[in-house]
Amino acid sequence: MKAQKLELTFFKKVKLTKDTYEFYFERPDKFNFRSGQYLKIFLPIENPDIRGTSRYFTISSSPLNKSHLTITTKIIRSSFKLTLNSLVSGKKIKAFGPMGYFNFNLKSEKPKLFLAGGIGITTYHSILKTLEKKKMSFNILLIVSFSKKENVIYFDELKEIESKNPKIKIIYSLTKKSFDKFESGRINKDLIIKYCPNYLDYEIFIVGSESFEENLIKLVKDMNVVEENIFTENFPGY
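Definitions and cut-offs
Residues numbered from 1 in each chain as written. Predicted model: local features only at pLDDT ≥ 70, side-chain atom pairs only at ≥ 80, totals over all residues. Heavy atoms only, no water. Helix = DSSP H or I, 4+ residues; strand = E, 2+ residues; numbered from the N terminus. Polar contact = N/O pair within 3.5 Å; in protein donor to acceptor, adjacent residues only side chain to side chain. Contact = heavy atoms within 4.5 Å.

### Some details on unusual backbone geometry
In this structure, Pro98 follows Gly97 across a cis peptide bond, with omega equal to 5 degrees. Of note, Pro98 is situated in strand β6 (residues 92–99). With a phi close to 70 degrees, Asn224 is a non-glycine residue in the positive phi region. Take Asn224: it is sitting in the loop between α5 (210–222) and β12 (230–232).

### Regarding the side chain of Glu183
As for its placement among the helices and strands, Glu183 is situated in strand β10 (residues 183–184). Of the polar contacts made by the side chain of Glu183, one reaches the side chain of Lys194; its length is 2.7 Å. A polar contact of 2.5 Å, which involves the side chain of Glu183, links it to the side chain of Tyr195. Setting aside its immediate chain neighbours within four residues, Glu183 contacts Ile171, Tyr172, Ser173, Leu174, Leu191, Lys194 and Tyr195.

These values are about where atoms sit, not about what they do.
Written as structure tokens, this is what we have:
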């Protein structure tokens, strides 16, 4: 999909955790994108901090949803995030996109292993919402890690998708505390083998912070996964 200048109209936000929100924008006519692509968002900020007036965000909604687009992010005390959090319904902002492509090929019959760190789950949320009602010929296993239960997003929504599609399996893990329905600890070799013993037959997708991606790429390579089966998104400004 060719990137283009966009005008987006904000209309609501939904609180997912103490500091994580989904921001909803009307979807422009004839704007198309693929799951996993992202936008560059521009905000009018009079006295921006050192990071400036723009950020990149994965489109967390499905391309099949024609009425709106969503981005999902934590609100920290940066001038950009505080301005984003103060948007009022009807406010128009500038954007550019879509950009990036996660090399997710619906026509490939290889099973997929999705690995995510924290807010990196937004990419897979878009993909799984797209596949929600599709009868697939391949299996998908998502393993995502969050630090604490209070930071977890999309759990109920993705587990509902899992319950309706026998080809999809969703695993959440917490690195700091243990709770029922959650694995404990970071994504590691043992956790992958527990749920995906034949991982060498899978295409493996990795999304998260720069350090998360570096660590997971090294992990799966050390597990003898060949490079052509490893896919990451070089996402600026994660």
